[in-house]
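Chains, contacts and geometry: an overview
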Amino acid sequence: MRLISGMAEHFDIIIIGTGAGGGTLLRRLAPSGKRILVLERGPFLPREKDNWNYHGSFKYFSPEPMWNREGEKIYPGFSYYVGGNTKVYGAALFRLRERDFESYAHNDGISPEWPIKYRDWETYYTQAERLFQVHGKEGADPTEPWRSADYPYPPISHEPRIAEVFRNLQERGIKPYPAPMGIRIDESLPHQSPCIRCDTCDGYPCLVGAKSDSEVLGVRPSLHRSQVTLLTEAKVLRLSTSPSGKAITGVLADVKGKLRELCADIVVVSCGAVNSAALLLRSANDRHPRGLANNSSGLVGRHLMKHVLGSLVAVNNAQINPSRFQKTMAINDFYWGEPGYPFPMGNIQLMGKTVMEALIGQEAKYAPLTLEEVAKCSVDWWVTTEDLPDPRNQVRLSGEGIVIDYTENNGAAFARLNARWKAILQEIDQAANPKATIGYFETKMPMHSLGHQVGTCRFGDDPQTSVLDLNCRSHDIDNLYVVDGSFFVSSGAVNPTLTIIANALRVGDHLLERIGAGATRALPIKSEGVL
């Protein structure tokens, strides 16, 4: 591959990646008038019927392999398109709990304290919910942190079967609440609503642009500005530094098969916690022999977290569940534990409805229930337990390949939460339909399920124990920032996306001050009607 000099312009800022971090940061910085270049390794995700097809949708997940510590190929299933993994995420946008920012004990160890607290995040959470058009209900979640404003949009309504489950749980003293969802839906004016409430949302791209993803709400609204340039199919291979090693001076990218060397005053890496760490490690040079931003701490790639995750498919063949969009409920009753178990257990939420296509060939697993009964009657739950930061859990390189070296922890808390939830559902089902055939089917996500990747470039005050400072700038390189899930100190037990979005807005304000465009912070974010 030959290096060409076609784009020699110097930019004020280069952003590498357009996911929840990069896309949101672009939206924050675009009104500044500064020259911004955005590099995305993939194209725009095509709008086509396969967007809403179970088998067809698998092609939107990258077939590019990584490796586990044993040298076996794994496929994390990242989505490399404009918008990144938000193109196929489930759009659950939770705030971390206020206590998540403090140190607390788990069954397997200590979740560490964050260097800045919930009070420092609250304003940005509110802005993030407004930008990503989050639906929810203030005060319904018993673990909810304090809020300066209610959700910008009302909760998404439950379909009849889910409303029944909601009531059944309340009658048994459980406190379910409307899940906070980034879906562009208007149930009061359905003929004007971008969302049509389909059954292909969680894990699918949205054919009609109704999911609150970072392409729709971050990148596209910024592209009308003449000083913003987006290059797609532009995979960044490495970063180069000045002779002193104190500044990034070049970004080497493969742009549609041609090598380009690009430069900017500030470089922001927003490739996701795995790929951002890999890029920094791959860019090692004489001044940074262990990888960029890694001289002081040696922690680039370490403390990888991904949550302990799984599904629990509950089936009662006397209760048909015709719901199409069932991801409208969450439960945090056991987030911090339960009587007799003083350790956190985690979050429970509904997920996308099981479909027949996903069941074919699994008759033995679901017997004596038939596959038809499972598809028609299932109520599907997603279970999340916090995993703890461990420096041995890391992203590292082997040649040009990326190795995910990860050993699960906190599995006992996850198993307890699954068992507790199964027992509650079983009690409800047996009381309502004692003669029905019921079943509860657990699937634990494998090690390479990395949709909730965080922690590989943690932030902090001390360069010896953190990769980034409190503004997500590298301690070692003045003009290098990392803005994605890499900065997390701990993972909490809720989906990380809203915190990534809030952090991008927070770092964006810092960058606006740094580049002398601080007044831009006062500009309101308007996302209504964007398609």
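A few words now on the nonpolar core. Counting residues in hydrophobic clusters, the biggest one holds 113 residues, and the most contacted among them are Ile16, Leu39, Leu239 and Ile404. Ranked by residues supplied to this core, first place goes to helix 9 (residues 497–514) with nine residues. The residues touching Leu39, leaving out its near neighbours within four places in the chain, are Ile14, Ile15, Ile16, Gly17, Leu231, Ala234, Val236, Val251 and Leu262. Core analysis: the second largest hydrophobic core is formed by 26 residues, Phe166, Ile174, Leu312 and Ala314 among them.

For strand 15 (residues 308–316), the buried fraction is high: nine of the nine residues fall into the buried class. Alternating positions in strand 15 separate into two faces, Val308, Gly310, Leu312, Ala314 and Asn316 on one and Leu309, Ser311, Val313 and Val315 on the other, with burial throughout. One ladder, built from seven bridges, connects strand 15 with strand 18 (residues 379–385); its direction is antiparallel. Within the sheet, the bridge partner assigned to Leu312 lies in strand 18 and is Trp381. Bridging between strand 15 and strand 21 (residues 438–444) involves seven bridges; their strand directions are antiparallel. Bridging across to strand 21, Val315 finds its partner in Gly439.

Turning next to the sheet that holds strand 5 (residues 73–74). One open sheet accounts for four strands, arranged 5-4-20-19; its pairing is mixed. Of all the strands in the sheet, just strand 5 and strand 19 (394–398) have a single pairing partner and so form its edges. Of the strand pairs in this sheet, strand 4 (residues 66–68) and strand 5 are connected by two bridges, and their pairing is antiparallel. Of the residues in strand 5, the one forming a bridge with Met66 is Ile74. Here helix 5 (residues 273–282) sits on the sheet and contacts strand 4, strand 19 and strand 20 (401–405); the angle it forms with strand 19, its principal contact strand, is near 45 degrees.

Across all of its chains, the model carries five cavities of 30 Å³ or more by this definition. Its boundaries defined by the atoms lining it, the largest cavity holds a volume of some 130 Å³. Lining the largest cavity are Arg161, Val165, Asn168, Ala314, Val315, Asn316, Cys377, Val379, Trp381, Leu425, Ile428 and Asp429. Here the residues of the lining of the largest cavity sort into eight nonpolar, two polar and two charged. The computed volume of the second largest cavity comes to approximately 90 Å³. In terms of lining, the second largest cavity is formed by 13 residues, of which the most central are Cys195, Cys198, Cys201, Cys206 and Ala210. When grouped by side-chain class, the residues that make up the lining of the second largest cavity number 10 nonpolar, one polar and two charged.

As a further point, take the sheet that holds strand 15. Spatially, the six strands line up as an open sheet ordered 9-16-17-18-15-21, and their pairing is antiparallel. With one partner strand each, in any of the chains shown, strand 9 (177–178) and strand 21 form the two edges of the open sheet. Together, strand 15, strand 16 (329–331), strand 17 (347–350), strand 18 and strand 21 form the strand contacts of helix 8 (residues 411–432), whose direction differs from that of strand 21 by roughly 165 degrees.

How two aromatic rings sit relative to each other is set out by the distance from centre to centre and by the angle between their planes. Counting across every chain of the model gives 21 aromatic pairs. With a centroid separation of 5.1 Å and an interplanar angle of 80 degrees, the aromatic rings of Tyr54 and Phe58 are classed as edge-to-face. For Phe58, a relative accessible area of 46% corresponds to the partly exposed category. Plain terms: the ring middles of Tyr118 and Trp146 are 5.5 Å apart, the flat faces sit at 85 degrees to each other, and that makes the pair edge-to-face. Remark: Trp146 occurs in the loop between strand 8 (134–135) and helix 3 (160–171) and Tyr118 occurs in helix 2 (residues 118–131); sequence separation between them is 28 residues. A residue is classified by how much of its surface remains accessible, and Trp146, at 41% relative accessible area, is partly exposed. Three or more aromatic residues joined by ring pairs form one cluster here, namely Phe101, Trp114, Tyr118, Trp121, Tyr125, Trp146, Phe459, Phe487 and Phe488. Directly above the ring of Tyr80 sits Arg41, whose terminal nitrogen or CZ lies 3.7 Å from the centroid. A cation over an aromatic ring shows up here: Arg147 above the ring of Tyr151, its NZ or CZ 3.9 Å from the ring centre.

Rules used in this analysis
- Residues numbered from 1 in each chain as written.
- Predicted model: local features only at pLDDT ≥ 70, side-chain atom pairs only at ≥ 80, totals over all residues.
- Heavy atoms only, no water.
- Core = buried A, V, L, I, M, F, W, Y, C linked by side-chain atoms within 4.5 Å.
- Buried < 20%, exposed > 50% of the residue type's maximum accessible area, 1.4 Å probe, protein only.
- Helix = DSSP H or I, 4+ residues; strand = E, 2+ residues; numbered from the N terminus.
- Contact = heavy atoms within 4.5 Å.
- Pairing = 2+ DSSP bridges.
- Axes fitted to C-alpha atoms, helices over the stretch in contact; angles between N-to-C directions.
- 1 Å grid on protein atoms, 1.4 Å probe; cavity = no way out; pocket = protein on both sides within 12 Å on 5 of 7 lines; lining within 4 Å.
- Points joined across faces, edges and corners; volume = space filled by probe spheres on them.
- Nonpolar A, V, L, I, M, F, W, Y, C, P; charged D, E, K, R; others polar.
- Phe/Tyr/Trp six-rings, centres within 6.5 Å; stacked < 30°, edge-to-face > 60°.
- Lys NZ or Arg CZ within 6 Å of the ring centre and 35° of its normal.

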